[in-house]
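# Topology and contacts: notes
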Amino acid sequence: MEATIEIEFAPHWVNAWLVRTFARPFVTIDGVEHPMSWTEPSTYAVEPGSHDIAAFIRYRGTKSALGIGRRTVTVALGEHPKLKARNGWANHMPFELQLRLAPGVDA
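These figures come from a predicted structure and were not determined experimentally.

Cut-off values and rules
- Residues numbered from 1 in each chain as written.
- Predicted model: local features only at pLDDT ≥ 70, side-chain atom pairs only at ≥ 80, totals over all residues.
- Heavy atoms only, no water.
- Pairing = 2+ DSSP bridges.
- Helix = DSSP H or I, 4+ residues; strand = E, 2+ residues; numbered from the N terminus.
- Axes fitted to C-alpha atoms, helices over the stretch in contact; angles between N-to-C directions.
- Phe/Tyr/Trp six-rings, centres within 6.5 Å; stacked < 30°, edge-to-face > 60°.
- Buried < 20%, exposed > 50% of the residue type's maximum accessible area, 1.4 Å probe, protein only.
- Lys NZ or Arg CZ within 6 Å of the ring centre and 35° of its normal.

This next bit is on the sheet that holds strand E6 (residues 66-75). What the four strands build is an open sheet, ordered E3-E2-E5-E6; its pairing is antiparallel. Unpaired on one side and paired on the other, strand E3 (32-35) and E6 mark the two borders of the sheet. Geometrically, the sheet is characterised by an average inter-axis angle of 25° between neighbouring strands, direction not taken into account. Bridge count for strand E5 (residues 49-59) against E6 is eight bridges, and the pairing is antiparallel. Counterpart to Ile57 in the pairing with E6 is Leu66.

Here is the structure:
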């Protein structure tokens, strides 16, 4: 039995049209970058223990990571925590990685 971390992106409703059209979401898990989707969550197999996660966007055609939000998650063998990355209403606000307690319920 392994451990996994599931991450989904959900932009703030005020600027969702802008970031979904002109930017792409990314996460890093322990420094390894992964491209993400605005519409589908992604699941990553991880070793049990503590993991540093960062969520951010890049506007198309740029290399700058914007709105970097960070969180450390500790995962035990067989655990499968789910995180939602949500930015603030303004584009410069960092993403917040919220732990999903149940569908529609975030910590």
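Let's shift gears to the packing of aromatic side chains. With the rule as written, the count across this model stands at three aromatic pairs. When the ring of Phe9 is compared with that of Trp38, the centres are 5.7 Å apart and the planes differ by 85°; the resulting orientation is edge-to-face. Highlighted residues: Phe9 in strand E1 (residues 3-9) and Trp38 in the loop between E3 and strand E4 (42-46), separated in sequence by 29 residues. For Trp38, a relative accessible area of 12% puts it in the buried group. Residues Phe9 and Phe95 carry aromatic rings whose centres are separated by 5.3 Å and whose planes lie at 70° to one another, so their mutual orientation is edge-to-face. Placement of Phe9 in strand E1 and of Phe95 in the loop between strand E7 (82-86) and strand E8 (96-102) is noted, with a sequence separation of 86 residues between them. A relative accessible area of 3% means that Phe9 is categorised as buried. Across the ring face of Phe26, the terminal group of Arg58 is positioned such that the distance to the ring centre comes to 4.7 Å.

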